[in-house]
Amino acid sequence: MSATVAARGPAVAALVFNAFTWGISWWPLRQMEGLGLHPLWLTALTFLLVVSLLLVARPAALGEVLRTPTLSVLVLASGTTNACFNWSVTIGDVVRVVLLFYLMPLWAVLLARPLLGERIGWRAAVRVAMALAGAVVVLWPADGRLASLTERLGLPEALALLGGFSFALNNVMLRREAHRSEPARALAMFIGGAVVSGVLAMALWQAGRVPALPAPAAGWMIGLVLLAAWYLVSNLALQFGAARLAAHTTAVVMITEVFFASASAVALGAGTLTLRTAVGGALIVGAAALAAWQRD
């Protein structure tokens, strides 16, 4: 048993590192915004740098991506996920944003039916109900009036919901396209992060909603390189851990991202943990944990 635990240790540690990376990613994103780099520009440039590194290391992967139309869905899903998540945690209450992002059990069940042909069993229905109930509790106005709900559902919350849906689509497509090579799937995901964020940043800049890309400066350029390296190492850690652990174990470990995000946000004043948020969060995280443990 000790040998098994020793073998699992590095894999679990790698997954915790990945969860830690995304759980506290809001902090460097906000620091970079303080240097004049909007999170959409930052995401586009960071992922473009990673794409360049991947093309040098695995040039054949690009051909596979271009020859595989279904990977374009992965490009769009991954790109939307990263653009929405990075933008939302930069401008919103981090605790609320991360909890709404983790409504993945709901979206995954709804997407798995048409894309994977998986039936919706009673266990899946329970998880959907838990996730929906958690979202309602988190978003429900303090005055209890339904009319005030739109005030609680601002841009950060809308981005978190869309990002969570896209992340579920990303995971479903990864399962559907599991027979594709790992470099091709990874490249498609990073291309998506660069393209979607870049196009969105350009469009919003033209509309006057996003500031222009700042002039080259040592501060944000060094930060960009360091962040790209961090994301790349984190992605490698995810692949290392996920390849050596059961899927349900991986999913449970990754839920620690909620803890890292909430704890760091509350400690640094970027989020609040009210009783309402805690109850709703418990329902959402509980649904995610059940999705990892249960079989439908």
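Caption draft 1: Representation of the overall build of the protein within the structure. Counting its regular elements, the protein contains 15 helices and zero strands. Looking at the protein as a whole, 48% of its 296 residues qualify as buried. Contacts in the protein between residues at least 24 apart in sequence constitute 87% of all its contacts with a sequence separation of at least 6. Summed over all atoms, the accessible surface of the protein reaches about 13900 Å², with 71% contributed by carbon and sulfur.

Caption draft 2: Representation of a nonpolar patch on the surface in the model. A cluster of nonpolar side chains, contributed by L49, L53 and V225, occupies part of the molecular surface with about 230 Å² of accessible area. Given the relative accessible area of 45%, L53 is considered partly exposed.

Caption draft 3: The side chain of T80, seen in detail. Tracing the backbone through its elements, the reader meets T80 in helix α5 (residues 71–91). T80 sits in the buried class, given a relative accessible area of 15%. Excluding its chain neighbours within four sequence positions, the residues that come into contact with T80 are L162, S166 and V196.

Caption draft 4: Quick look at the packing of helix α6 (residues 94–101) against helix α10 (residues 155–176). For the pair α6 and α10, interaxial distance at closest approach is 7 Å and the crossing angle is 30°. Here α10 runs roughly parallel to α6, going by the angle between their axes. As α6 packs across α10, the resulting crossing turns out to be right-handed. Residues R96, V97, L100 and F101 of α6 touch α10, and the partners they reach there are P156, E157, A160, L161, G163, G164 and F167. Its residues assigned to classes, the contact of α6 with α10 comprises seven nonpolar, two polar and two charged.

Caption draft 5: Just helix α14 (residues 256–267), in detail. Helix length check: α14, at 12 residues, gives a terminal C-alpha distance of 16 Å against a target of 16 Å (1.5 Å per residue), a fit within 8%. Those residues of α14 that sit buried are E257, V258, F260, A261, S262, S264 and A265. Just past α14, the residue G269 takes up positive phi, approximately 75°.

Caption draft 6: Summary view of the packing of α5 against α6. Relative orientation of the contacting elements α5 and α6 amounts to 155°, with a least axis distance of 9 Å. Relative to α6, the element α5 lies roughly antiparallel. Across the interface between the two elements, T81, F85, S88 and V89 of α5 pack against V94, V97, V98 and F101 of α6. Looking at the contact of α5 with α6 residue by residue, the class counts come to six nonpolar, two polar and no charged.

Caption draft 7: Quick look at the layout of surface pockets. Considered as a void within the structure, the second largest pocket measures approximately 270 Å³ in volume. Forming the boundary of the second largest pocket are 15 residues, of which L54, R58, A186, L236 and Q239 lie nearest the centre. Within the residue set of the lining of the second largest pocket, elements represented by two or more residues are α3 (39–57), α11 (182–206) and α12 (218–242). Broken down by element, the residue count for the lining of the second largest pocket peaks at five residues, all from α11. Looking at the lining of the second largest pocket residue by residue, the class counts come to 11 nonpolar, two polar and two charged.

Caption draft 8: Structural detail: the pattern of salt bridges. Inspection of the entire model under this criterion finds three salt bridges. Between E157 and R96 there is a salt bridge; the shortest N-O distance is 2.9 Å. Residue E157 is located in helix α10, and its partner R96 is located in helix α6; the two are separated by 61 residues in the primary sequence. Across the pair, R96 and E157 agree in class, each one buried. For R180, the salt bridge identified is with E177, shortest N-O distance 2.9 Å.

Caption draft 9: Geometry of the packing of aromatic side chains. This model, assessed by the stated rule, comprises 10 aromatic pairs. Site record: aromatic cluster; members linked through ring pairs are W22, F47, F85, F101, Y102, F167, F190 and Y231.

Caption draft 10: Quick peek at the environment of A44. Checked against the element boundaries, A44 lands in helix α3. A relative accessible area of 8% means that A44 is categorised as buried. The spacing of A44 and A194 is 150 residues in sequence and 4.0 Å in space, taken between C-alpha atoms.

So, how was this worked out
- Residues numbered from 1 in each chain as written.
- Predicted model: local features only at pLDDT ≥ 70, side-chain atom pairs only at ≥ 80, totals over all residues.
- Heavy atoms only, no water.
- Helix = DSSP H or I, 4+ residues; strand = E, 2+ residues; numbered from the N terminus.
- Buried < 20%, exposed > 50% of the residue type's maximum accessible area, 1.4 Å probe, protein only.
- Contact = heavy atoms within 4.5 Å.
- Areas by Shrake-Rupley, 256 points an atom, 1.4 Å probe, with all protein chains shown as cover.
- Patch = residues over 30% accessible without salt bridge, like charges linked within 9 Å, V, L, I, M, F, W, Y side chains within 5 Å.
- Salt bridge = Lys/Arg side-chain N within 4 Å of Asp/Glu carboxyl O.
- Axes fitted to C-alpha atoms, helices over the stretch in contact; angles between N-to-C directions.
- Parallel < 35°, antiparallel > 145°, perpendicular 65-115°, else oblique.
- Left-handed = near helix turned anticlockwise from the far one by under 90°.
- Nonpolar A, V, L, I, M, F, W, Y, C, P; charged D, E, K, R; others polar.
- Expected span 1.5 Å × (residues − 1).
- 1 Å grid on protein atoms, 1.4 Å probe; cavity = no way out; pocket = protein on both sides within 12 Å on 5 of 7 lines; lining within 4 Å.
- Points joined across faces, edges and corners; volume = space filled by probe spheres on them.
- Phe/Tyr/Trp six-rings, centres within 6.5 Å; stacked < 30°, edge-to-face > 60°.

Any functional reading would require information that these geometric values do not contain.
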